[in-house]
Amino acid sequence: MIKIERLVKSFGSQQVLRGLDLEVATGSITVIIGRSGGGKSVLLRHLIGLLRPDGGRVLVNGADVTRLGGRALDEVRRRYGVVFQGGALFDSMTCAANVAFPLRENLRLPAAEVATRVEASLAQVGLEGMGSKYPAEVSGGMRKRVAIARALVTEPEIVFFDEPTTGLDPILVNTIHHLVLNLHRKLRFTAVMVSHEIPEIFEIADAVAMLHDGRIVEVGPPGVIQASPNRVVRQFIRGEPEGAEGA
Amino acid sequence: MERTRVNVTVGLFVLIGMLALGYLSVNLGRVSFLGGVGYRVTAEFPSVGGLKPGSTVEIAGVEIGRVESIALKDYQALVTLRIDSRIKLQEDSIASIKTKGLIGEKYLRISPGGSEKIIPPGGRIREVEAPVDFEELLSKYIFGKV
Amino acid sequence: MTERPLPLVLRPLDAIGRGAIAVVEALGRFGMFLAEALGTLLTPPFKFWAFIDRINYIGYRSLLIILLTGGFTGMVLGLQVYFTLVRFGSEAYLGPAVALSLIRELGPVLAALMVTGRAGSALTAEIGIMRITEQIDALTVMALNPVRYLVAPSILAGLVTFPLMTAIFDTVGIFGGYLVGVELLGLSQGTYFGEMQTFVDLNDIMMGFWKSLSFGVLVTWVCTYKGFHVGHGAEGVAKATTDAVVLSSVLILVWDYFMGTVLP
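Summary of the structure given here. (Residues numbered from 1 in each chain as written. Chains lettered and ligands numbered in written order. Predicted model: local features only at pLDDT ≥ 70, side-chain atom pairs only at ≥ 80, totals over all residues. Heavy atoms only, no water.)

1. Overview of the overall build of chain C
So, step 1. Scanning chain C from terminus to terminus reveals nine helices and zero strands.
So, step 2. Starting at the N terminus and walking to the C terminus, you meet the elements of chain C as α-α-α-α-α-α-α-α-α.
So, step 3. In terms of principal-axis extent, the alpha carbons of chain C reach across some 80 × 55 × 35 Å.
So, step 4. The 264 residues of chain C split such that 49% are buried.
So, step 5. In chain C, the proportion of contacts linking residues at least 24 apart, taken out of those at least 6 apart, comes to 84%.
So, step 6. For chain C, the computed accessible surface area is about 12,200 Å², with 71% contributed by carbon and sulfur atoms.
So, step 7. Placing the 15 positive and 18 negative side-chain charges of chain C at their respective mean positions leaves the two points 9 Å apart. (Helix = DSSP H or I, 4+ residues; strand = E, 2+ residues; numbered from the N terminus. Buried < 20%, exposed > 50% of the residue type's maximum accessible area, 1.4 Å probe, protein only. Contact = heavy atoms within 4.5 Å. Areas by Shrake-Rupley, 256 points an atom, 1.4 Å probe, with all protein chains shown as cover. Lys, Arg positive; Asp, Glu negative; His and termini not counted. Charge placed at Lys NZ, Arg CZ, Asp CG, Glu CD.)

Rendered as structure tokens:
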């Protein structure tokens, strides 16, 4: 379980997170939605220990990752998988080498086992036999799949997705969403996803949390969020322009 | 294969670099790989005036060794030479410090003697000749003391 | 907590203090960066293949430019020094003049400047792009230290390649000088090389060696640091690359002067 308590973060004079609270249930897919530049990615970076908050805690299975450092933090991260916005694949390596990288460098598995697991992992995301290509040689959708394969190959307990479908066409968005859903059913990881994809995201989420103005204003199952009486949430879901806010 | 190609280029680069480094240090820097071949003899001079470690030791213009070190001993300059082991120096050899050309660098010239006795390794050349001090010579000439 | 506005007289002091602290902090970060990189070189796992790749990246790919600039530097030296020496009737000393200038000064400095332009800028851009595309973050969240994978191998490769490249530069330069002095201007070959051997000694070569060794660390350190702490977007990478080349070049010349006064 991930428990975020009163998380506060400012960059210069701009306060991005203002005492944010959120709980993520083990084994669920929790999706954080909210305006662009509203601090969703900042929140995610706190969860994976890339940013330190000015105040508050992030408890992952009882350990406060905002206080951990060095080996202890690495220990937590070994149970993580992260899919970055652009995929963050290593340009200098083939797709297969990218997927193999965490296995080789972190788990120190023998080469033969790495090869079979990489092949299996690429097959899982529908990229059999594409391993020898470089990230620059494959399409955007394939890059996301490789990134997902790389995040999942170590069989992590918690997987973070930072806008995994940005820049993809609607068909690919759905494909990626269903890929995530299928893999989630098979591997039973806890997923935390940051996304803009309204309403597609409601099909796969167990819980949706709306981030607005540095706080989570509402959290609940997709049905509850879609029927929310909260004006901010309704506006966001319907994509109403900001001018309507004052009405 | 990618790995092999990188290995070959790195190997090529390192080889060329080492050859260049080797050329500089062996040919110009006079690093002897055999290190310490030859034997040592010493000589005491009232002044070495510009002779340095690494300066050449010559007989009849042919290099036979190098100046290894220069130290001060009883207010005299103690010069240690390393001489090619094939060259034997007679006990009455004369060591003199000379200059190549008018402003050239100093070197040590040994004039062979006629004695039957040979200076053993670690021995001393007794007959020495200090370098000519041009300034002194010049001033003496100008002020007419010669 | 609201701060009371500072009295007007204290404001310049406040500004100076802030500036000084910012400079010290920046230098501290810069130093810690190198310390961390050296730390990862002392503890396993060692990234041997990354190191080999970096030698290829910094060394082999700069080889052509080193050969070209080295050769022409030697030729220019041969020409210019010859016309200077000939006025004093001492053109016999062309060999040592060319060799000493190259070995003590021009070889290490020019080779370092060339490699900075060729490989240093590429190094900054590469690491900078890895930073803005979150590849460095990806390494971090895999519980792998990006400094160990990206920075330490580059610095070690700089340490190995710079002396080798300087030696290549010197050697090619000496033969460039030979080409002009002997083949073109008619000096005798024996004079050129003979006098060179007489005047150049190991101290000169060691001086060039120490210089190039320190430049190797300096350039890779600055360039990886700038790439690692890049700003946002393509503009950030462009700025970091420029900064890295300018800072490296200035530091090379400053440090060269410093080494020149300290070394024999």
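2. Examining a nonpolar patch on the surface
So, step 1. A contiguous nonpolar surface patch, about 490 Å² in accessible area, is contributed by Leu6, Val9, Leu10, Leu13 and Ile16 of chain C.
So, step 2. Examined against the element boundaries, Leu6 of chain C turns out to sit in the segment before helix 1 (11–42). (Patch = residues over 30% accessible without salt bridge, like charges linked within 9 Å, V, L, I, M, F, W, Y side chains within 5 Å. Salt bridge = Lys/Arg side-chain N within 4 Å of Asp/Glu carboxyl O.)

3. Topic: the interface of chain A and chain C
So, step 1. Counting from both sides, the interface comprises 21 residues of chain A and, opposite them, 16 residues of chain C.
So, step 2. When chain A packs against chain C, the two sides together hide about 1,500 Å² of surface, and 59% of this comes from carbon and sulfur.
So, step 3. The tally of links between chain A and chain C comes to three salt bridges.
So, step 4. For Glu105 of chain A, the salt bridge goes to Lys47 of chain C, with nearest N and O atoms at 2.6 Å.
So, step 5. Taken together, the connections running from chain A to chain C amount to eight residue pairs in polar contact (both at pLDDT 80 or more).
So, step 6. Going through the elements one at a time, helix 2 (70–77) and helix 3 (95–107) of chain A are the ones with two or more residues in the side of chain A that touches chain C.
So, step 7. Residue composition of the side of chain A that touches chain C, grouped by class: nine nonpolar, three polar and nine charged. (Buried area = accessible area lost by both parts, 1.4 Å probe. Polar contact = N/O pair within 3.5 Å; in protein donor to acceptor, adjacent residues only side chain to side chain. Nonpolar A, V, L, I, M, F, W, Y, C, P; charged D, E, K, R; others polar.)

4. Things to note about the sheet that holds strand 5 (residues 63–64) of chain A
Residues and elements named next belong to chain A.
So, step 1. Reading across the sheet, the four strands line up as 2-1-4-5 and stay open at both edges, with antiparallel pairing between neighbours. Either end of the sheet is taken by a strand with one partner, and the two such strands are strand 2 (14–24) and strand 5.
So, step 2. Packing against the sheet, helix 1 (residues 40–47) makes contact with strand 1 (2–11), strand 2 and strand 4 (55–60), and its axis sits at approximately 120 degrees to strand 1. (Pairing = 2+ DSSP bridges. Axes fitted to C-alpha atoms, helices over the stretch in contact; angles between N-to-C directions.)

5. Examining the pattern of salt bridges
So, step 1. By the definition in use, this model includes 24 salt bridges over all chains.
So, step 2. For Asp84 of chain B, the salt bridge goes to Arg86 of chain B, with nearest N and O atoms at 2.6 Å.
So, step 3. Looking at Asp84 of chain B, the relative accessible area reads 25%, which means it is partly exposed.
So, step 4. Judged by its relative accessible area of 70%, Arg86 of chain B falls in the exposed class.
So, step 5. Measuring nitrogen to oxygen at the nearest pair gives 3.0 Å for the salt bridge that ties Lys239 of chain C to Asp243 of chain C.

6. Observations regarding the packing of aromatic side chains
So, step 1. Within this structure, the stated rule accounts for 19 aromatic pairs over all chains.
So, step 2. A centroid spacing of 5.4 Å and a plane angle of 90 degrees characterise the contact between Tyr93 of chain C and Phe199 of chain C, whose relative ring orientation is edge-to-face. Note that Tyr93 of chain C is positioned in the loop between helix 3 (63–85) and helix 4 (94–132) and Phe199 of chain C in helix 7 (residues 189–199), a separation of 106 residues in sequence.
So, step 3. Judged by relative accessible area, which is 24%, Tyr93 of chain C ranks as partly exposed.
So, step 4. Site record: aromatic cluster; members linked through ring pairs are Tyr23 of chain B together with Phe175, Tyr178, Tyr192 and Phe193 of chain C.
So, step 5. Over the ring of Phe90 of chain A we find Arg150 of chain A; its NZ or CZ atom is 4.8 Å from the centre of that ring.
So, step 6. Across the ring face of Tyr57 of chain C, the terminal group of Arg54 of chain C is positioned such that the distance to the ring centre comes to 4.9 Å. (Phe/Tyr/Trp six-rings, centres within 6.5 Å; stacked < 30°, edge-to-face > 60°. Lys NZ or Arg CZ within 6 Å of the ring centre and 35° of its normal.)

7. Focus: helix 1 of chain A
Helical geometry: 3.6 residues make up each α-helical turn, so side chains three or four residues apart lie on a common side.
Residues and elements named next belong to chain A.
So, step 1. Most of helix 1 is tucked away: six of the eight residues are buried.
So, step 2. For helix 1, the set of buried residues is Lys40, Val42, Leu43, Leu44, His46 and Leu47.
So, step 3. Positive phi shows up at Gly49, right after helix 1, with a value of about 75 degrees.

8. Some remarks on the arrangement of the chains
So, step 1. Contacts are most numerous between chains B and C, considering all two pairs of chains that are in contact.
So, step 2. Kept free of each other, chain A and chain B leave a smallest C-alpha distance of 11 Å between them.

9. Section: the sheet that holds strand 3 (residues 29–34) of chain A
Hydrogen bonding along the main chain pairs the strands of a sheet, whether they run parallel or antiparallel.
Residue and element names in this part refer to chain A.
So, step 1. Strand order across the open sheet formed by six strands is 6-7-8-3-9-10, with mixed pairing between neighbours. Strand pairing shows two members of the sheet lacking a second neighbour, strand 6 (80–83) and strand 10 (215–220), which therefore form its edges. The average undirected angle you get between the axes of adjacent strands in this sheet is 15 degrees.
So, step 2. Docked against the sheet, helix 8 (residues 231–238) engages strand 3, strand 9 (207–212) and strand 10, running at close to 105 degrees with respect to strand 9.

10. A few points about the pairing of strand 8 (residues 190–194) of chain A
All names here are of chain A.
So, step 1. Strand 8 sits mainly inside the fold: five of its five residues count as buried.
So, step 2. Burial along strand 8 is two-sided: the face carrying Thr190, Val192 and Val194 and the face carrying Ala191 and Met193 are both buried.
So, step 3. Where strand 7 (residues 158–162) lies against strand 8, five bridges are found, and the strand directions are parallel. Looking across to strand 8, one finds that Ile158 is bridged to Thr190.
So, step 4. For the segment spanning strand 7, helix 6 (residues 170–187) and strand 8, crossover handedness is right-handed. (Right-handed = clockwise from strand over helix to strand, strands pointing away.)

11. Some thoughts on empty space enclosed by the protein
So, step 1. Applying the stated rule across the entire model yields three cavities of 30 Å³ or more.
So, step 2. In this structure, the largest cavity occupies an estimated 70 Å³ of space.
So, step 3. Lining the largest cavity, in full, are Leu21 and Leu24 of chain B together with Ile103, Pro163, Thr166, Ala167, Asp170, Ile205, Gly208, Phe209 and Ser212 of chain C.
So, step 4. Taken together, the elements giving at least two residues each to the lining of the largest cavity come down to helix 1 (2–28) of chain B together with helix 6 (146–184) and helix 8 (202–228) of chain C.
So, step 5. Here the residues of the lining of the largest cavity sort into seven nonpolar, three polar and one charged. (1 Å grid on protein atoms, 1.4 Å probe; cavity = no way out; pocket = protein on both sides within 12 Å on 5 of 7 lines; lining within 4 Å. Points joined across faces, edges and corners; volume = space filled by probe spheres on them.)

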